[in-house]
Every structure is written in structure tokens, then in C-alpha cells.
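Letter by letter, the chains look like this.
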Amino acid sequence: MRLQTDPSCFSITAFLADQVALVARQENLPPGAALLRLQELSRTPEGRATLMHLIEAAGEREPNADEAAKISAICRELTAWGYGGFTGGLRHEPRRDQRAAA
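Small disclaimer: the values here were computed from a predicted structure and weren't measured.

**Comments concerning the overall build of the chain**
So, point 1. Looking only at helices and strands, the chain features four helices and zero strands.
So, point 2. A burial count over the chain gives 34% of its 102 residues as buried.
So, point 3. Long-range pairs, those at least 24 residues apart, make up 56% of the contacts in the chain between residues at least 6 apart in sequence.
So, point 4. When the accessible surface of the chain is summed, it comes to about 6,100 Å², and 54% of that surface belongs to carbon and sulfur atoms.

Below is the structure:
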């Protein structure tokens, strides 16, 4: 199934659906389980970093340039939302204004 994200304009519905699709692809999960996994990953800084690595890996393996551009747009949006910044060391406490993908 092709991703729905349009790199030129943001759609929350496409953004969330594509995250579920990418988690499903990368972890060989059915859509419902992928949604639960996405929610689980979105709860902690470590999980958000894992999600970013998972989606970045999907982009690196994507042979279709259009699909790779969509994955790149998803990564940019996740980065703007504060995902991917965990480096291991001290646990970062989420701020009240921090948004989660799911």
C-alpha cells in the first residue's frame, strides 16, 4: 500500500496513517497491532527515538523515490514535534506542551 503523505502539504490523517503503515511494515505487524506499537513508542523519549530510527530505516530501504520523499516528510514532521532527540544518558522528562504522534 502506498503512503498517503503529501510532502508539499501537511495532513494529520495521512501523517498518522503512514506512521502506522511504516511500523507495520518494519515490524511485520497487522495494522491494529502497529497502531498499539506506535502508541507505545510515542510515550517515552526512548520510544520516540526508536520510532524515528525505525522510520528512517524504512526511508533508507525505500527504492521508490516518491515513497522515500513521503517518508522523509514524515521524519521532518516528527523531528519538528521533538522526536528523535534521545541520546541514551539521562532520562528526559516530557514537557507539557510536547505533542505525541498518537
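Following the structure, the description resumes.
**Considerations on helix H4 (residues 65–80)**
So, point 1. Compared with an ideal rise of 1.5 Å per residue, which puts 16 residues at 22 Å, H4 spans 22 Å between its outermost C-alpha atoms and is within 8% of the ideal.
So, point 2. In this fold, the buried residues of H4 make contact with helix H1 (12–27) and helix H3 (45–61).
So, point 3. Two or three places before aspartate 66, at the start of H4, stands the capping residue asparagine 64, its side-chain oxygen 2.8 Å from that residue's backbone nitrogen.

**Details of H1**
So, point 1. Its 16 residues place the ends of H1 22 Å apart at the C-alpha level, agreeing with the 22 Å of an ideal helix rising 1.5 Å per residue.
So, point 2. Among the residues making up H1, those that are buried are Ala14, Phe15, Asp18, Gln19, Val20, Leu22, Val23 and Ala24.
So, point 3. As for H1, its buried residues are in contact with helix H2 (31–41), H3 and H4.
So, point 4. In the stretch just after H1, asparagine 28 is the one whose phi turns positive, near 50 degrees.

**Quick look at the packing of H1 against H2**
So, point 1. Put simply, H1 and H2 touch, their axes get as near as 8 Å, and they point 105 degrees apart. As summarised for this structure, H1 and H2 are arranged roughly perpendicular, according to the angle between their axes. Between H1, through Leu16, Gln19, Val20, Val23, Ala24 and Glu27, and H2, the contact on the second element is made entirely by Pro31, Ala34, Leu35, Arg37 and Leu38.
So, point 2. Its residues assigned to classes, the contact of H1 with H2 comprises eight nonpolar, one polar and two charged.

**Describing unusual backbone geometry**
Note on backbone geometry: most residues besides glycine have negative phi, and most peptide bonds are trans.
So, point 1. You will see that asparagine 28, though not glycine, has its phi angle at about 50 degrees, which is positive.
So, point 2. According to the relative accessible area criterion, asparagine 28 is exposed, its value standing at 70%.

The rules behind each value
- Residues numbered from 1 in each chain as written.
- Predicted model: local features only at pLDDT ≥ 70, side-chain atom pairs only at ≥ 80, totals over all residues.
- Heavy atoms only, no water.
- Helix = DSSP H or I, 4+ residues; strand = E, 2+ residues; numbered from the N terminus.
- Buried < 20%, exposed > 50% of the residue type's maximum accessible area, 1.4 Å probe, protein only.
- Contact = heavy atoms within 4.5 Å.
- Areas by Shrake-Rupley, 256 points an atom, 1.4 Å probe, with all protein chains shown as cover.
- Expected span 1.5 Å × (residues − 1).
- Polar contact = N/O pair within 3.5 Å; in protein donor to acceptor, adjacent residues only side chain to side chain.
- Axes fitted to C-alpha atoms, helices over the stretch in contact; angles between N-to-C directions.
- Parallel < 35°, antiparallel > 145°, perpendicular 65-115°, else oblique.
- Nonpolar A, V, L, I, M, F, W, Y, C, P; charged D, E, K, R; others polar.

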